[in-house]
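# Chains, contacts and geometry: an overview
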Protein chains: 2
Amino acid sequence: MDNYRLDEQVGFILRRVNQRHLAIFSQHMPELTPTQFAALAKLVELGEMSQNELGRKIAMDAATIKGVADRLIKRGLLNVRRNPDDSRRKLLCANIAGVALYQQVVAAAERISEKTLSPLSSAEKQELLRLLAKLK
Amino acid sequence: MDNYRLDEQVGFILRRVNQRHLAIFSQHMPELTPTQFAALAKLVELGEMSQNELGRKIAMDAATIKGVADRLIKRGLLNVRRNPDDSRRKLLCANIAGVALYQQVVAAAERISEKTLSPLSSAEKQELLRLLAKLK
DNA sequence: CAAAACTCGTTTGTACACGAACAAGTTTGC
DNA sequence: GCAAACTTGTTCGTGTACAAACGAGTTTTG
């Protein structure tokens with residue numbers, strides 16, 4: 001087919017938009033990756049939960065959340081303990097350092113979202129978020 | 001901050017939308033990854049070019065395009081030769097097998113884009129693409 | 001109660017993605 | 001005409017992402 005244009009396909013554009021967002025992210029929050037921040041933020045928001053449960057809440061499969069959690073633990077941001085009622089479960093919890101780091105970087109997180117959407121008007125921002133939400 | 005909601009941030013939503021798209025992609029085109037298809041499609045569209053040039057056209061850095069190109073070459077989809085005028089340059093070109101595979105999967109590529117956008121109306125699809133294009 | 005089905009966390013393998021550093025080749029500037 | 005600056009492709013290290021397979025623990029079911 002001669003009329004297929006890669007540069008106009010949703011998937012290709014989504015990838016580029018995501019690249020730009022990741023660049024903005026690492027510029028404003030070099031301490032954490034987007035996934036690490038998501039995990040930390042969710043733990044601060046909802047408190048202690050098991051590793052796989054956390055993964056489910058932020059859309060990461062078991063293998064991915066393991067790596068993310070390991071890195072946060074290694075950096076001393078999370079506490080870990082075994083669930084006494086279900087010895088399979090590894091309960092994760094943001095500790096003092098984790099909460100402190102979170103509070104230190106939330107403002108940056110807000111600026112990141114703002115900057116990512118900055119080429120759009122207020123109405124366009126609303127509309128984009130509405131449309132993207134339909135594609136989740 | 002108590003009013004920061006991870007689930008409403010562009011970056012987080014973008015990641016989820018992308019996940020859904022990748023799932024649709026691998027379902028409809030298990031032969032190639034999105035990046036491999038992008039590289040092949042660009043080579044078919046524009047013909048022979050150097051490895052880094054190809055990377056630039058599909059927004060992949062030199063380290064990434066190397067791996068993608070290596071895999072396509074290993075699968076016998078590309079021809080490689082040295083540029084006589086600039087011995088640093090590695091010229092890539094889709095060969096017969098590459099063009100054949102491309103032609104075999106373009107239809108699937110179109111269905112992938114369609115299915116990704118299927119929760120939206122025609123007007124919404126147009127609008128989403130317009131807004132995303134502003135965020136590239 | 002015991003077997004089947006399921007869940008939790010882990011490991012392995014593959015594939016992006018990008019920063020940083022490097023050697024070899026090419027172009028520029030003086 | 002030659003040193004400095006740049007480009008090309010490569011390697012290394014780190015960090016997602018997900019499929020598949022696994023052992024160990026828990027729940028369901030007959």
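This section reports on the structure supplied with the text.

Rules and cut-offs
Once a new chain begins, its residue numbering starts again from 1 and follows that chain's sequence as written. A letter from A marks each chain and a number from 1 marks each ligand, given out in the order of writing. Restriction of local features to residues with pLDDT of at least 70 applies here, the model being predicted, together with a cutoff of 80 or more for giving and counting side-chain atom pairs; totals for whole chains, interfaces and linings are based on all residues. Excluded from the side-chain calculation are hydrogens and water; included are all heavy atoms of the structure. If a single non-hydrogen atom of a residue is within 4 Å of a molecule or strand, that residue counts as near it. Definition of a polar contact: a pair of N or O atoms within 3.5 Å, with one able to donate and the other able to accept a hydrogen when the atoms are protein atoms, and with sequence-neighbouring residues admitted only if both atoms are side-chain atoms. For the purposes of this entry, the term helix denotes a DSSP run of H or I that reaches at least four residues, the term strand denotes a run of E that reaches at least two, and both are numbered from the N terminus. Throughout, a contact is declared for two residues whenever any of their heavy atoms are within 4.5 Å. In this description, buried area is defined as the sum, over both parts, of the accessible area (probe of 1.4 Å) that is lost when the two are combined. Any carboxyl oxygen of Asp or Glu within 4 Å of a side-chain nitrogen of Lys or Arg constitutes a salt bridge here. By this definition, two strands are paired if DSSP reports at least two bridges between them. Fitting a line to C-alpha atoms yields each axis, with helices limited to the stretch in contact; the angle taken between N-to-C directions then spans 0 to 180 degrees. Throughout, the ten residues Ala, Val, Leu, Ile, Met, Phe, Trp, Tyr, Cys and Pro are labelled nonpolar, Asp, Glu, Lys and Arg are labelled charged, and all others, Gly among them, are labelled polar. Between rings of Phe, Tyr and Trp, where Trp is taken as its six-membered ring, a pair exists when centres lie within 6.5 Å; planes separated by under 30 degrees are stacked, by over 60 edge-to-face, and by other angles tilted. Classification of residues uses two cut-offs on accessible area relative to the type maximum, computed with a 1.4 Å probe and protein chains only: under 20% is buried, over 50% is exposed, and between them is partly exposed. One less than the number of residues in a helix, times 1.5 Å, gives the span that helix is expected to have. Each residue is assigned a bend, namely the angle between axes fitted to the seven residues that terminate at it and the seven residues that start at it.

Around DNA strand D, the surrounding shell holds 24 residues, and the nearest of these are T33(A), T35(A), R71(A), R88(B) and K90(B). Backbone atoms, meaning sugar and phosphate, form 76% of the atoms of DNA strand D found within 4 Å of the protein. Taking R88(A), its side chain carries an N or O atom lying 2.9 Å from a base nitrogen of DNA strand D. Contacts to DNA strand D include R88(B), whose side-chain N or O atom sits 2.5 Å from a base oxygen. Going through the elements one at a time, α2 (34–46) and α4 (62–74) of chain A together with α1 (10–28), α3 (51–57) and α4 (62–74) of chain B are the ones with two or more residues in the surface near DNA strand D.

With that settled, the discussion passes to the interface of chain A and chain B. In this assembly, 48 residues from chain A lie in contact with 48 residues from chain B. Contact between chain A and chain B buries roughly 4700 Å² in total, counting both sides, with carbon and sulfur atoms accounting for 67%. E124(A) is the partner of R130(B) in a salt bridge, and the nearest nitrogen-oxygen pair spans 3.1 Å. Across the contact surface, chain A and chain B share 16 residue pairs in polar contact (both at pLDDT 80 or more). Listed by contribution, the elements that provide at least two residues to the side of chain A that touches chain B are α1 (10–28), α2, α5 (96–117) and α6 (122–134) of chain A.

With that settled, consider the sheet that holds strand β2 (residues 78–82) of chain A. All names here are of chain A. As summarised here, the arrangement of the 3 strands in space is β1-β3-β2, forming an open sheet in which the pairing is antiparallel. Both outer strands of the open sheet, β1 (49–50) and β2, are each paired with one neighbouring strand and no more. Looking at chain direction, β1 and strand β3 (residues 90–94) are connected through 2 bridges and run antiparallel. In the sheet register, S50 faces β3, and the bridge partner there is L91. α4 rests against β2 and β3 of the sheet, and its axis sits at about 115° to β2.

As a further point, take the pairing of β3(A). Relative to β3(A), β2(A) runs antiparallel, the two being bridged by 5 bridges. Across the sheet, the residue bridging to L78(A) is A94(A), located in β3(A).

On to the sheet that holds strand β2 (residues 78–82) of chain B. Residues and elements named next belong to chain B. With antiparallel pairing, the 3 strands of this open sheet are ordered in space as β1-β3-β2. Edge strands, defined here as strands with exactly one partner in the open sheet, are β1 (49–50) and β2. The sheet contacts of helix α2 (residues 34–46) involve β1, β2 and β3 (90–94), and relative to β3 the element is tilted by about 90°. Across the sheet, α4 lies against β2 and β3, angled at about 115° from β2, the strand it touches most.

All right, on to the protein's contact with DNA strand C then. Taken together, 24 residues surround DNA strand C, and among them N52(A), R88(A), K90(A), T35(B) and R71(B) come closest. In DNA strand C, the atoms that sit within 4 Å of the protein are 76% sugar and phosphate, with bases accounting for the remainder. Here a phosphate oxygen of DNA strand C and a backbone polar atom of N52(A) are 2.7 Å apart. At 2.9 Å, a side-chain N or O of S87(B) approaches a sugar or linking oxygen of DNA strand C. Sorting the residues of the surface near DNA strand C by element identifies α1, α3 (51–57) and α4 of chain A together with α2 and α4 of chain B as the ones contributing at least two each. Per-class residue counts for the surface near DNA strand C are 4 nonpolar, 9 polar and 11 charged.

A word on the packing of aromatic side chains. Applying the stated rule across the entire model yields 6 aromatic pairs over all chains. Ring plane angle 15° and centroid distance 6.0 Å describe the contact between F37(A) and Y102(A), whose orientation is recorded as stacked. With F37(A) in helix α2 and Y102(A) in helix α5, this pair connects stretches of sequence that are 65 residues apart. Judged by relative accessible area, which is 5%, Y102(A) ranks as buried. Every member of this aromatic cluster is reached through a ring pair, and the members are Y4(A), F25(B), F37(B) and Y102(B).

End to end, α5(A) covers 32 Å across 22 residues, agreeing with the expected 32 Å (1.5 Å per residue, within 8%). V105(A) marks where α5(A) bends most, by close to 40°. Within the span of α5(A), buried status applies to G98(A), L101(A), Y102(A), V105(A), V106(A), A108(A), A109(A), I112(A), S113(A), T116(A) and L117(A). On its buried side, α5(A) packs onto α1, α2 and α6 of chain A together with α1 of chain B.

With that settled, the discussion passes to the environment of R82(A). All names here are of chain A. Relative to the helices and strands, R82 is located in strand β2. Measuring from C-alpha to C-alpha, the distance between R82 and L92 comes to 9.0 Å, with 10 residues separating the pair along the chain. What R82 contacts, discounting residues up to four positions off in sequence, is S87, R88, R89, K90 and L91. One polar contact links the side chain of R82 to the main-chain carbonyl oxygen of S87, over a distance of 3.3 Å.

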